[in-house]
Each structure stands twice: as C-alpha cells, then as structure tokens.
Amino acid sequence: MKIKDYFNKEYAISLARKITKVYPKFNSSNFIKQVENKIQNQEYTEKMLIFVEIFDTVFPNYLETLKIFEKILDTELSSFADMYNTGMWLAPISKYVEIHSIDSAYYYKASVHFIEELTKRYTGEFAMRPLIVKYPKRSLKIIEKWSKSNIFILDAYLVNAYV
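Quantities reported herein were computed from a predicted structural model and do not represent experimental measurements.

1. Details of the overall build of the chain
Inference 1: Looking only at helices and strands, one finds eleven helices and zero strands in the chain.
Inference 2: Across the 163 residues of the chain, 45% fall into the buried class.
Inference 3: For the chain, the share of sequence-separated contacts (at least 6 apart) that also reach a separation of at least 24 residues comes to 68%.

In structure tokens:
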C-alpha cells in the first residue's frame, strides 16, 4: 500500500472515533463525508492539505484544536522504526500545525508544546520548520534543549538540519 492510500474513508472513520471520545461535540459524520468527497484520487500532499482544510471547518480555533489533538495522542514511540507503523495517522495533524503555527505569534508556545508531544509519537520536523523560519533564535534555543533529551534522538534529523 502506498502511504497516500492509507488516508482514506476508513482512516477518517478511525480518526473521528478518537476525536469523538475527547470532543463529544465533534460532528463525525460531517467530517467523514467531507473527507470522502474530497480526497478521492488525490496524491499524498493534496490529501494532507485537504485534511487541514476540513479541520478548519470542523474544529474551533487553533489553540482549542491543539488541545483536542493532544488528547488523542497515543503511546510514545519506543523506536524510530515505529514512526510509520504506529504514528503515520498523525501526518494530517502535523500538517495542520505546520500550516497554522505561524498564523499568530500568540500560537508559538502552544505549537512548540504540541510539537514536542507529537515528536514522541511521530515526527515534529515538518511542523517545526515554519517556526524555525519565522522565529529562528527562539526556535533554535528550543531545538538545542530538545537535542539534549533522549526523547528527541528519534527526531534528531530535525536538529541536524537546522543547527
């Protein structure tokens, strides 16, 4: 199976179940219907952008959405090899943070906190990149701190790419 094929209606149903457990107001049928109508025959990158677009229509503001997403995060990775086996489902969420984290300086702290939690389960590399570009000094201090933590050895290529 190609990675792009993982993100389909069944994925949307699974994600909706996770979200509904922590956010009962979530309209899962609307979410699933939007996903089903928009992602067919799309490539991976387009699917990620479509998920972000749909998230924007089904969730409250960015900071509240981060709180919801943090509540659905699963067990931390035990090795880098597990990233795609157990963390792949987080790719659209990572893309959401990547796109919206720089919408406001006010989002920086919450975004970095979420990326730290995300990295323990998938990769925060792409979500962190826009913050590095927009806030280089502040972000490099965070990355330096992370580079000294065993938790972030899994995502060490992020540090190597920017330090």
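2. Considerations on the pattern of salt bridges
Inference 1: This model, assessed by the stated rule, comprises nine salt bridges.
Inference 2: With a shortest N-O distance of 3.0 Å, Lys 120 and Glu 117 are connected by a salt bridge.
Inference 3: Among the residues examined, Lys 120 registers a relative accessible area of 11% and is labelled buried.
Inference 4: Exposure remark for Glu 117: the relative accessible area of 13% places this residue in the buried category.
Inference 5: Notably, a salt bridge pairs Glu 125 with Arg 129, separated by 2.3 Å at the nearest N-O pair. Residue Glu 125 and its partner Arg 129 are both found in helix H9 (residues 125-134); the two are separated by four residues, about one turn of the helix.
Inference 6: Taking the relative accessible area as the measure of exposure, Glu 125 reaches 6% and is therefore buried.

3. So, the side chain of Ser 139
Inference 1: As for its position among the elements, Ser 139 is in helix H10 (residues 136-147).
Inference 2: Overall, Ser 139 belongs to the buried group, its relative accessible area being 0%.

4. Thoughts on the packing of aromatic side chains
Inference 1: Tallied over the full model, the rule gives 21 aromatic pairs.
Inference 2: An angle of 50° between the planes, with centres 6.1 Å apart, marks the rings of Phe 51 and Phe 55 as tilted. Of this pair, Phe 51 and Phe 55 are both found in helix H4 (residues 44-58), four residues apart, which corresponds to roughly one turn of the helix. Phe 55 shares its class with Phe 51; the two are buried.
Inference 3: One Lys or Arg, Lys 18, reaches over the ring of Trp 89 and ends 3.7 Å from the middle of that ring.

5. Side note on the side chain of Thr 65
Inference 1: Within the secondary structure, Thr 65 sits in helix H5 (residues 62-71).
Inference 2: Dropping the residues within four chain positions of it, Thr 65 is found in contact with Phe 59, Pro 60 and Tyr 96.

6. Remarks on the environment of Lys 67
Inference 1: With respect to the element layout, Lys 67 can be found in helix H5.
Inference 2: In this structure the C-alpha to C-alpha distance between Lys 67 and Ala 110, which are 43 residues apart in sequence, comes to 9.0 Å.

7. Let's talk about the packing of H4 against helix H7 (residues 91-100)
Inference 1: Running from N to C, H4 and H7 point in directions that differ by 70°, and their axes come no closer than 9 Å. Put simply, H4 runs roughly perpendicular to H7. Seen from H4, the contacting residues are Tyr 44, Met 48, Leu 49, Phe 51, Val 52, Phe 55 and Asp 56; seen from H7, they are Ala 91, Pro 92, Ile 93, Lys 95, Tyr 96, Ile 99 and His 100.
Inference 2: The residue inventory of the contact of H4 with H7, partitioned by class, reads eleven nonpolar, one polar and two charged.

8. Remarks on H10
Inference 1: Look at H10: 16 Å from first C-alpha to last across twelve residues, which is about the 16 Å you get at 1.5 Å a residue.
Inference 2: Among the residues of H10, those classed as buried are Ser 139, Ile 143 and Trp 146. Along the axis of H10, the buried positions cluster into a sector of 60°, meaning they face one direction only. Set apart from the buried face of H10 by more than 90 degrees, the exposed residues are Lys 137, Lys 141 and Lys 145.

9. With respect to unusual backbone geometry
Excluding glycine, residues mostly carry a negative phi; peptide bonds, for their part, are mostly trans.
Inference 1: One non-glycine residue, Asn 41, adopts positive backbone phi at about 65°.
Inference 2: If you trace the backbone, Asn 41 turns up in the loop between helix H3 (28-39) and H4.

Reading the values: the criteria
- Starting from 1, residues in each chain are numbered consecutively following that chain's sequence as written.
- Per-residue local features of the predicted model are confined to residues with pLDDT of at least 70, and side-chain atom pairs are confined, for both listing and counting, to 80 or more; whole-chain, interface and lining totals are unaffected and use all residues.
- Based on all heavy atoms of the structure, the side-chain values leave hydrogens and waters out of the count.
- Starting at the N terminus, helices and strands are each numbered in turn, a helix being any DSSP run of H or I of at least four residues and a strand any DSSP run of E of at least two.
- Accessible area is worked out with a 1.4 Å probe on protein chains only. A residue is then buried under 20% of its type maximum, exposed over 50%, and partly exposed in between.
- The contact definition used throughout considers only heavy atoms, calling two residues in contact when any of these lie within 4.5 Å.
- The rule for a salt bridge is simple: a side-chain nitrogen of Lys or Arg has to be within 4 Å of a carboxyl oxygen of Asp or Glu.
- Note on aromatic pairs: the rings of Phe, Tyr and Trp (six-membered ring only in Trp) are paired at centre separations within 6.5 Å, and the planes decide the class, stacked below 30 degrees, edge-to-face beyond 60, tilted for the rest.
- Only when the NZ atom of a Lys or the CZ atom of an Arg is both within 6 Å of the ring centre and within 35 degrees of the ring normal do we say a charge sits over the ring.
- Axis angles are defined between N-to-C directions and span 0 to 180 degrees, where every axis is a line fitted to C-alpha atoms and, for a helix, only to the segment in contact.
- For classification purposes, angles smaller than 35 degrees are called roughly parallel, those larger than 145 roughly antiparallel, those between 65 and 115 roughly perpendicular, and all remaining angles oblique.
- Throughout this entry, Asp, Glu, Lys and Arg are counted as charged residues, while Ala, Val, Leu, Ile, Met, Phe, Trp, Tyr, Cys and Pro are counted as nonpolar. The remaining residues, Gly among them, count as polar.
- For a helix, the expected span equals 1.5 Å multiplied by the number of residues minus one.
- By arc we mean the arc of the directions from the helix axis to the C-beta atoms, nothing more.

Honestly, it's all geometry; don't read function into it.
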